[in-house]
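So the chains spell out like this:
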Amino acid sequence: MLVEEEEPITIGVEIECYTILSREGKISRRVIIPNVNPSKAGERFTIDKSIGTEYVSTPFESVREALQAISSGLEKYADSPIVDNALPLPVGGWNDRFAGTHFHVGFKEKGLSREEAGSLASYIHDHIPFIIAVSANSPVWRRRITPYSSNRLLRGGGKYCIPITKGGLNQNHYRELNFNPANKHKPSTLELRVCDSNIPPYVCTVMTILRILALAWRNGRDPCNSLPHEAYLKTRVEAARRGAAAKLYWNGKHVTVSEYLTLLLDNYSEEVGMLDVPKHVVEVFNLLGENWNNAETLRYVAIKLEKRFGKDWERSMAFKLASAMKTLLGGGSLKDYHEALGLRDFPPV
């Protein structure tokens with residue numbers, strides 16, 4: 001497969017969000033739009049017909065740049081003239097609607113040809129269960145706390161993120177991977193739709209993983225993991241159910257999410273060395289080693305509040321999430337975010 005060696009690989013994101021009504025202590029689908037002009041070409045604040053609020057980033061060559069820009073972009077919603085004291089809540093589910101993060105991978109200027117997109121999709125395909133495990137972020141469904149990490153994928157994946165076979169890429173918008181043709185906002189890309197809506201450090205962790213894989217693909221590296229389709233489908237469900245605690249497959253052997261991450265980074269050490277990985281992403285990598293992701297954080301906090309406040313747990317959760325999102329989007333670390341949620345010893349044991 002011949003690809004452009006000099007053309008930079010870029011990744012952009014679309015993040016669908018719920019809304020925290022800070023004054024009311026409520027999590028809703030109320031649409032908020034910031035009262036600002038786009039700060040960069042390509043950054044947009046749109047309305048999604050399903051969930052409501054959607055942030056669309058510019059394409060990025062650098063994960064560090066992406067982390068700063070996405071955090072800054074989401075922070076702008078706090079100045080919405082539509083609703084006072086409202087904040088975006090990037091979470092995969094809460095009441096009965098799904099919210100996702102969609103990643104668009106391509107070459108900076110010319111995009112991807114259909115042939116290139118198909119080749120890259122095949123290269124990424126068998127790592128999708130791992131990406132799901134990292135990014136799962138919808139433990140709450142219909143305002144009830146569940147034991148599952150991605151209710152969005154378990155309940156809506158068969159409609160909005162339909163699995164494909166390796167090599168089966170097409171333009172069906174609701175496939176987990178699809179060829180996304182060029183439009184007035186961007187060149188043609190490969191779109192990945194399996195990830196729940198999530199806070200910037202987790203969005204950028206997935207972006208880091210995709211950049212590693214895309215660089216290895218462009219460099220002509222042999223794939224480091226291969227799954228039969230039956231095992232792929234089984235592991236995909238396992239990742240959605242258990243998130244960072246899932247058991248995955250690496251060339252036919254069961255591994256933990258932490259072990260999978262180590263194997264991936266070791267196999268692609270040359271590509272990892274080409275990246276400037278932000279400390280927030282390193283924090284996420286460390287948390288994955290503890291079988292922990294943001295779904296675990298939200299579930300743990302929600303269970304604590306339900307024990308304390310009973311049916312009023314969601315109102316208390318909304319206030320805590322508002323504080324945590326302000327802290328994180330204002331430049332705080334993941335540790336600061338967790339402390340704002342009431343998790344001072346983190347992750348809990």
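Our subject is the structure listed above.
About the cut-offs
- Along each chain, residue indices are assigned from 1 in the same order as the chain's sequence is written.
- Restriction of local features to residues with pLDDT of at least 70 applies here, the model being predicted, together with a cutoff of 80 or more for giving and counting side-chain atom pairs; totals for whole chains, interfaces and linings are based on all residues.
- Side-chain metrics in this entry use all non-hydrogen atoms of the structure; hydrogen atoms and water are not considered.
- Counting from the N terminus, the helices are the DSSP runs of H or I reaching at least four residues and the strands are the DSSP runs of E reaching at least two.
- We compute the radius of gyration from the C-alpha atoms alone; for a globule the expected value is 2.2 Å times N to the 0.38, where N is the number of residues.
- Partly exposed residues are those whose accessible area sits between 20% and 50% of the maximum for their type, while under 20% is buried and over 50% is exposed, using a 1.4 Å probe and protein chains only.
- Whether two residues are in contact is decided by their heavy atoms: any pair within 4.5 Å suffices.
- Note on areas: Shrake-Rupley, 1.4 Å probe, and residue coverage restricted to the protein chains presented here.
- Positive charges come from Lys and Arg, negative ones from Asp and Glu, while His and the chain ends are left out of the count.
- One atom stands in for each charge, and that atom is NZ of Lys, CZ of Arg, CG of Asp or CD of Glu.
- Detection works on a 1 Å grid of protein atoms alone, calling trapped sets that fit a 1.4 Å probe cavities and calling open sets with protein on both sides within 12 Å along at least five of seven lines pockets, with lining residues defined by an atom within 4 Å of a point.
- Grid points are joined across faces, edges and corners, and a volume is the space filled by probe spheres set on the points.
- Pairing of aromatic rings covers Phe, Tyr and Trp, the last counted by its six-membered ring, and requires centre-to-centre distances within 6.5 Å; plane angles under 30 degrees mean stacked, over 60 mean edge-to-face, and any other angle means tilted.

A.B. asks: Help me get a handle on the overall build of the protein, residues and values and all.
C.D. replies: Secondary structure summary: the protein contains 12 helices and 12 strands in total. Radius of gyration (C-alpha) of the protein: 19 Å, near the 20 Å computed for a compact globule of 349 residues. Counting only C-alpha atoms, the protein reaches 55 × 45 × 35 Å along its principal axes. By the burial criterion, 58% of the 349 residues in the protein qualify as buried. For the protein, contacts bridging at least 24 residues in sequence account for 74% of all contacts bridging at least 6. Entry remark: accessible area of the protein is about 14,500 Å², with carbon and sulfur atoms responsible for 47%. Separation of charge centres in the protein, based on 44 positive and 40 negative side chains, amounts to 8 Å.

A.B. asks: Summarise the layout of surface pockets; cite the residues concerned and give the values.
C.D. replies: The gaps left among the atoms become clear once a water-sized probe is rolled over them. If you add up the space inside the largest pocket, you get close to 680 Å³. Every residue lining the largest pocket is counted, 37 residues in all, and those nearest its centre are Glu14, Glu54, His102, His104 and Glu191. Contributing elements (two or more residues each) for the lining of the largest pocket: strand E1 (9-21), strand E3 (44-48), strand E4 (52-56), strand E6 (100-107), helix H4 (151-160) and strand E10 (189-196). If one sorts the elements of the lining of the largest pocket by residue count, E1 sits on top with six residues.

A.B. asks: Just give me the short version of the packing of aromatic side chains, but keep the residues and values in it.
C.D. replies: This model, assessed by the stated rule, comprises 11 aromatic pairs. Aromatic pair Phe98 and Trp141: ring centres 4.8 Å apart, planes at 10 degrees, arrangement stacked. Of this pair, Phe98 sits in the loop between strand E5 (86-89) and E6 while Trp141 sits in strand E7 (residues 140-141), and the two are 43 residues apart along the sequence. Taking the relative accessible area as the measure of exposure, Phe98 reaches 16% and is therefore buried. With a relative accessible area of 9%, Trp141 lands in the buried category. An angle of 35 degrees between the planes, with centres 6.5 Å apart, marks the rings of Tyr123 and Tyr268 as tilted. With Tyr123 in helix H2 (residues 114-125) and Tyr268 in the loop between helix H7 (257-267) and helix H8 (269-272), this residue pair connects regions lying 145 residues apart in the sequence. With respect to burial, Tyr123 and Tyr268 carry one shared label: buried.

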